[in-house]
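# Coordinate inspection notes
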Amino acid sequence: MINATASTHHAAPTEGAFPSRGRVGMCCLIATEAALFSIFVAAYLFYIGKSLHGPYPAQVLEVPMLPTICLLASSATIMLAERTLRQGYRVLFSGWWCLTILLGGAFLYATAVEWYRLIFTHHLTISTNLFGTTFYSLVGFHAMHVTVGLLLLTLVLVLSVSGYVSQAHSERVEALSLYWHFVDVVWIVVFLVVYIIGR
Amino acid sequence: MAFADYPTAQPHSDVRHLPLLVQLHDWVVTVDHKRLGLMYICTGLVFFAVGGLEASIMRWQLAFPSHDVVAPEVFNRLFTMHGTTMVFLFGMPIILGMANYLVPLMIGARDLAFPRLNAFGFWLSLFSGLLLYFSYLGGEGLSGAGTAPDVGWFAYAPLTERAFSRGYSTDYWILSLLVGGIGSVATSINMVTTVLCMRCKGMTLARMPLFVWLLLVVAVMILFAMPPLTAAQVMLLLDRYLGARFFDTQAGGSALLWQHFFWIFGHPEVYILMLPGFAAASEIIPVFSRKPMFGYAAMVGATISIGFISMGVWAHHMFAVGMSATANSFFAASTMLIAVPTGIKIFNWLATMYGGKIRFATPMLFCIGFLFQFLCAGLTGIMLAATPFDWQLTDSYFVVAHFHYVLIGGLLFTIFAAMYYWFPKATGRRLSETLGRWHFWLLVIGFNLTFGPQHLLGILGMPRRIYTYAPGRGWELLNLLSSLGVVFQALAVLFFVWNVIRALRQGALAGDDPWDAWTLEWTTTSPPPEYNFETLPEVRSRRPLWDVKHPYDPDWRHE
Amino acid sequence: MLFTVGSLGAVKMFDNCERILYCRLTPWLQTRRTGPATSSINAGNMDRPVHLSNIFDPVSTPAQAILELSWLVLWICAGIFVIVSGLLVYTIIRFRRRRADDDEPPQVYGSNQIELAWTVIPLLTVFVLFLVTTRTITAVQHTVPSAEALLVTVVGHQWWWEIRYPALGIVTANELHVPVSDQTQPLPTFLKLQSVDVVHSFWVPRLAGKTDVIPNRDNQMWIEPHEPGLYLGQCAEYCGTQHANMLLRVTVHPRDDFDRWVAAQQQPPVHDPSVQAGRDLFQATACVNCHTVQETVANGTFGPDLSHLMSRATLAAGVVDNTPQNLRAWMRNPQQLKPGNLMPDMKLTPQELEHIVAYLVTLQ
């Protein structure tokens with residue numbers, strides 16, 4: 001017999017037995033983006049060594065240690081930000097959150113500097129050869145995701161500084177920080193593929 | 001507790017007196033999964049008609065050798081648009097529409113997890129279709145070449161590179177599918193989240209209707225299968241506009257890379273299209289056999305296997321490109337392997353019917369047609385899986401016959417079954433059984449007449465995508481028969497349209513449960529109110545309504 | 001399952017219907033054509049033989065190997081079809097609802113044994129099928145050219161085939177001539193497949209399975225025909241506007257016949273003084289940028305080699321028969337015979353056209 005009880009609360013998960021929608025949704029997004037990145041990585045790996053002429057990776061690539069450290073550190077700071085928000089410290093949250101954005105911004109700046117060097121000093125563009133094509137598309141696609149992430153983080157920062165973000169929003173902030181962690185993990189893969197394996 | 005005592009909510013309040021503009025506005029801004037589902041389905045059906053028209057023109061051209069109904073360029077655009085339309089603008093919207101409408105009702109939820117994302121996904125889909133068709137009007141490029149895309153629905157490189165496809169026609173193909181792909185992914189994220197997070201009380205994963213299980217697997221597949229296409233299309237755009245070299249063979253690029261990426265998407269895509277058809281059959285066949293689905297766990301397991309294996313068979317579309325014997329053998333193996341869970345499903349449907357009391361209502365007729373035709377499709381699939389046999393059959397009309405048996409004989413038949421089955425629920429009216437029978441039989445005759453002979457055409461060496469052929473190859477009679485079938489199919493669709501229009505205006509009232517079925521959507525009114533259920537249900541078995549109707553022999557005693 | 005009921009027989013039946021239909025249809029079709037009757041293939045030639053490219057009628061070793069595998073696959077599929085559809089028909093008839101019978105039947109939820117059975121049996125079937133398939137794949141793909149094998153390079157263009165015999169110094173177009181191979185003196189032909197533009201596919205059904213022709217990639221296939229004759233094929237991968245008209249003619253010659261063909265092809269192009277005007281005009285016009293005529297200044301490679309143009313049976317990759325009349329029509333307006341093809345209209349005056357045609361017609 002069907003029980004006519006249970007909640008009439010609109011769209012809430014019943015009994016809390018289910019995972020949160022935000023977390024599941026973000027995980028799905030991460031899965032699909034991971035599939036997207038893996039195709040660009042596959043193209044990069046496939047075309048290693050196949051360029052008909054230079055410039056070649058070993059000639060022009062420098063291992064970006066500092067930007068990588070910045071990005072990985074930003075993952076740490078965003079975790080700290082999350083924790084402080086869950087505990088209710090809103091000002092501290094804004095602080096750590098802002099630091100995350102700055103570190104992410106530093107990473108993007110370093111990428112821009114590297115690209116400037118590659119394009120104007122070494123004359124490597126997306127149409128120069130297969131290395132240029134796969135490098136700019138893979139690194140650029142990642143940088144695009146960092147940019148989008150930074151925009152969203154900035155939006156949250158603005159809301160937080162204006163006083164709209166509170167402990168109750170920690171789950172939504174967690175979803176965003178999941179995205180940021182994903183961006184970081186992708187960078188680790190890109191770093192390995194482009195600067196270690198591909199050189 | 002007798003069924004008649006079950007509480008029913010009042011139907012949706014009469015809105016017919018509202019001004020038309022207000023009604024339209026309501027539809028445009030809606031985030032209600034039922035309305036979005038209906039809009040998806042209507043979009044799909046409109047594009048289905050357009051794609052059918054394109055096919056009819058092609059079949060008219062091919063009815064006779066050296067026929068000149070259309071110029072070669074036009075024919076090439078027709079088959080490109082036909083394939084693209086049917087897969088992306090009919091197939092995907094229809095299945096997402098069915099999922100949209102039915103999944104929340106079947107799991108006892110009030111809506112999807114992210115209603116606004118749902119609306120976003122729909123409008124992206126619609127826009128992508130409009131963008132693709134705008135190419136007929138706006139595709140002229142600088143060199144004045146081409147209108148609609150003419151590169152085939154899988155757009156092999158380097159034919160799609162700037163050098164060989166001038167103008168913007170290919171770009172319309174790329175952009176419209178990019179946009180549509182994002183819409184599909186958005187809806188899939190929604191679907192997975194809904195199924196995992198919003199089931200009603202008591203509905204464990206093991207108690208979900210099979211329809212929901214299959215659509216969950218489909219949604220997960222879309223999440224993983226769509227990105228390869230998106231990525232490849234971005235790469236192609238970069239090639240065409242920024243001079244990138246992804247598929248530029250003169251710069252060392254690989255034409256095969258496109259094929260790999262496309263088919264890593266393309267093969268799961270055809271399972272994505274077909275599984276919802278299986279889902280509908282898995283709901284309809286039990287109800288009209290009056291027995292529960294035989295082997296629920298096996299069906300779930302088979303579906304998940306199909307989902308996994310389908311990501312590993314893609315290169316069977318590439319058997320002729322000159323891969324190594326090892327690669328060819330591997331993909332032959334994986335392709336043959338996927339036949340096993342598919343066969344298990346067919347056997348389970350058979351076993352569901354066996355020992356039952358089969359009612360031959362129109363939905364069941366379409367399901368039976370599906371079973372026969374999908375069996376043929378699967379068997380020709382096994383033939384194609386045997387690589388050396390495929391070396392002869394691929395890229396010929398045999399393959400065209402195979403996939404139309406899958407997509408029309410399989411998918412379209414189950415879609416029509418689903419339409420006849422759930423139309424009463426969505427509209428509150430019953431479709432005519434007589435017109436339904438006319439629809440069914442005309443379609444069976446027309447479909448088999450068109451695509452049966454095409455198997456022989458492939459065997460006789462007729463390649464696909466040719467706008468004409470010379471006499472003296474032995475192809476004339478078979479092509480003529482194939483083209484004749486179009487008439488029957490067109491008539492069948494007209495009967496369906498007539499049936500729908502007639503039912504909407506003067507069809508018999510359906511009531512909540514016209515088919516004496518067992519899943520949650522039949523516990524609410526027809527059509528359901530905006531909030532779906534007056535109170536959210538609680539279930540104890542896979543067939544909650546069976547438990548209500550048979551309180552002395554409920555399912556949960558046997559599961 | 002028409003094709004399991006002896007597709008060869010079915011095809012022969014269709015073939016006869018073909019001839020009747022074709023003989024009746026062609027005159028009707030002729031009156032319906034809006035353009036000029038440019039194709040002599042259609043010009044009321046009812047005696048033209050019907051060339052079936054039937055994969056079930058192979059004459060070459062790889063195609064025969066494929067057919068053997070195909071019969072096994074077909075029989076297995078036929079068996080499955082008979083069993084399953086038979087069960088389906090039986091079920092529909094035996095378990096239909098009888099009138100006024102509204103009781104629910106026994107509710108059966110499943111059976112682990114049955115599930116196991118119909119998992120294991122298909123798995124075993126598939127396994128056997130896979131083993132046989134792999135064996136055939138290896139047999140075809142791992143065959144290497146013997147010392148006597150004839151090596152041919154086939155280059156796909158939009159929309160014609162360039163055929164080169166590197167060891168013999170022969171270059172021709174759209175027609176492949178090979179010697180027959182018999183048991184005592186096997187003489188297979190190995191084809192290296194290349195493309196200069198997009199992806200095409202080389203398919204002559206009675207000789208072998210198809211192999212794609214891909215730019216920046218060399219593919220290889222082989223044929224070993226056992227019966228002399230003419231075998232038709234065509235491009236089997238969509239490659240643009242005129243994909244439909246990229247036909248292949250493979251002529252399998254008896255040995256001495258093949259040697260004669262080779263000798264004729266190896267001759268320098270005919271130098272007939274009476275067509276000097278045409279030759280001069282040809283060499284002075286842009287023709288030479290795309291076409292080659294050996295031992296002249298014409299050395300273009302974008303279009304077919306014309307040194308022995310008139311030795312070929314068709315023009316424009318099988319669109320029309322190779323006759324002076326068709327040659328003239330082709331040169332006057334290539335776009336009319338093969339719309340979208342890449343030969344430009346050379347805008348010759350009628351007199352220039354006559355001269356050049358007269359010259360080309362001498363290139364046997």
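Note that the structure is a prediction, hence the values are computed from the model and not measured. (Residues numbered from 1 in each chain as written. Chains lettered and ligands numbered in written order. Predicted model: local features only at pLDDT ≥ 70, side-chain atom pairs only at ≥ 80, totals over all residues.)

Here the focus is the confidence of the model for chain A. Mean pLDDT over chain A stands at 90; residues scoring 70 or higher make up 92%. Confidence over residues 1-15 of chain A falls short of pLDDT 50; this stretch has 34 contacts with residues more than four positions distant or in other chains. (pLDDT = per-residue confidence, 0-100. Contact = placed C-beta atoms within 7 Å.)

With that out of the way, let us pick up the sheet that holds strand 9 (residues 229-234) of chain C. Residues and elements named next belong to chain C. Reading across the sheet, the 3 strands line up as 4-10-9 and stay open at both edges, with mixed pairing between neighbours. In this open sheet, the two edge strands, each paired with only one partner strand, are strand 4 (175-179) and strand 9. The sheet shows a mean angle of 20° between the axes of neighbouring strands, taken without regard to direction. Looking at chain direction, strand 4 and strand 10 (residues 247-253) are connected through 5 bridges and run parallel. Across the sheet, the residue bridging to P179 is H253, located in strand 10. (Pairing = 2+ DSSP bridges. Helix = DSSP H or I, 4+ residues; strand = E, 2+ residues; numbered from the N terminus. Axes fitted to C-alpha atoms, helices over the stretch in contact; angles between N-to-C directions.)

In this section: the packing of helix 2 (residues 61-94) of chain C against helix 3 (residues 112-141) of chain C. Residues and elements named next belong to chain C. Put simply, helix 2 and helix 3 touch, their axes get as near as 10 Å, and they point 175° apart. It follows that helix 2 is roughly antiparallel to helix 3 by the angle criterion. Contact residues: P62, A65, I66, L69, L72, V73 and I76 in helix 2; T125, L129, V132, T133, T136, A139 and V140 in helix 3. When its residues are assigned to classes, the contact of helix 2 with helix 3 shows 11 nonpolar, 3 polar and no charged. (Parallel < 35°, antiparallel > 145°, perpendicular 65-115°, else oblique. Nonpolar A, V, L, I, M, F, W, Y, C, P; charged D, E, K, R; others polar.)

Our focus in this paragraph is the pairing of strand 1 (residues 150-157) of chain C. Residues and elements named next belong to chain C. Most of strand 1 is tucked away, with 6 of its 8 residues classed as buried. Here strand 1 pairs with strand 5 (residues 189-195) via 7 bridges, running parallel. Pairing of V152 across the sheet is with L191, part of strand 5. Inspection of the sheet shows strand 1 paired to strand 2 (residues 160-165) by 5 bridges, in the antiparallel sense. In the strand pairing of strand 2, T153 is matched with R164. Where strand 1 folds back onto strand 2 in an antiparallel hairpin, the turn is made up of 2 residues. (Buried ≥ 20, exposed ≤ 12 C-beta atoms within 10 Å, placed from the backbone.)

In this section: the environment of Y531 of chain B. By the secondary structure assignment, Y531 of chain B is in the loop between helix 14 (476-506) and helix 15 (544-549). Remark: the alpha-carbon pair of Y531 of chain B and H267 of chain B, spanning 264 residues in sequence, is separated by 37 Å.

This part is about the interface of chain B and chain C. Across the boundary between the two partners, chain B contributes 87 residues, which contact 96 residues of chain C. The set of elements that each furnish at least two residues to the side of chain B that touches chain C consists of helix 3 (72-107), helix 7 (255-289), helix 8 (296-309), helix 9 (325-353), helix 10 (362-385), helix 11 (387-393), helix 13 (433-459) and helix 14 of chain B. Examining the composition of the side of chain B that touches chain C, we find that 15 residues originate from one element, helix 9 of chain B, more than from any other. The residue inventory of the side of chain B that touches chain C, partitioned by class, reads 52 nonpolar, 24 polar and 11 charged.

Okay, the sheet that holds strand 2 of chain C next. Residues and elements named next belong to chain C. Spatial ordering of the open sheet is given by 3-2-1-5-8, a layout of 5 strands whose pairing is mixed. Lying at the two open borders of the sheet, with one neighbouring strand each, are strand 3 (170-173) and strand 8 (219-223). Put simply, the sheet's adjacent strands are angled 25° from each other on average, direction ignored.

Further remarks concern the interface of chain A and chain B. Contacts between chain A and chain B engage 37 residues on the former and 42 residues on the latter. Among the elements that make up the side of chain A that touches chain B, the one with the highest residue count is helix 1 (residues 21-46) of chain A (13 residues). Taken together, the residues of the side of chain A that touches chain B break down into 21 nonpolar, 13 polar and 3 charged.

Quick look at helix 5 (residues 130-161) of chain A now. In a regular helix each residue adds 1.5 Å, so 32 residues correspond to 46 Å; helix 5 of chain A covers 46 Å between its end C-alpha atoms and thus fits that length. Immediately beyond the C-terminal end of helix 5 of chain A, within one or two residues, lies G163 of chain A, with a positive phi of roughly 90°. (Expected span 1.5 Å × (residues − 1).)

Moving on, we come to the nonpolar core. Residue and element names in this part refer to chain B. Residues L215 and A417 are the most contacted members of the largest nonpolar core, which totals 329 residues. The dominant element in this core, judged by the number of residues it contributes, is helix 6 (residues 210-242), at 23 residues. Every residue in contact with L215, bar those within four places of it in the chain, is listed here: A99, V103, M191, P276 and A279. (Core = buried A, V, L, I, M, F, W, Y, C linked by C-beta atoms within 7 Å.)

Attention shifts here to unusual backbone geometry. For the peptide bond that leads from G54 of chain A to P55 of chain A, omega is 5°, which places it in the cis range. With respect to the secondary-structure elements, P55 of chain A resides in the loop between helix 1 and helix 2 (57-60). Across the junction of S526 of chain B and P527 of chain B, the peptide omega takes the value -5°, indicating a cis bond. Mapped onto the secondary structure, P527 of chain B falls in the loop between helix 14 and helix 15. Phi angles above zero are rare outside glycine, and A100 of chain C is one such case at about 60°. Inspection of the secondary structure assignment puts A100 of chain C in the loop between helix 2 and helix 3. You will see that A316 of chain C, though not glycine, has its phi angle at about 55°, which is positive.

The next thing to look at is the packing of helix 7 of chain B against helix 12 (residues 397-427) of chain B. All names here are of chain B. Close contact between helix 7 and helix 12 brings their axes to 9 Å; oriented N to C, the two are set at 45°. It follows from the interaxial angle that helix 7 and helix 12 lie oblique. Note on packing geometry: the crossing formed by helix 7 with helix 12 is left-handed. Each of V270, L273, M274, G277, A280, A281 and I284 in helix 7 lies in contact with helix 12, whose residues at this interface are V406, L407, G410, L411, T414, I415, A417, A418 and Y421. For the contact of helix 7 with helix 12, a count of residues per class yields 13 nonpolar, 3 polar and no charged. (Left-handed = near helix turned anticlockwise from the far one by under 90°.)

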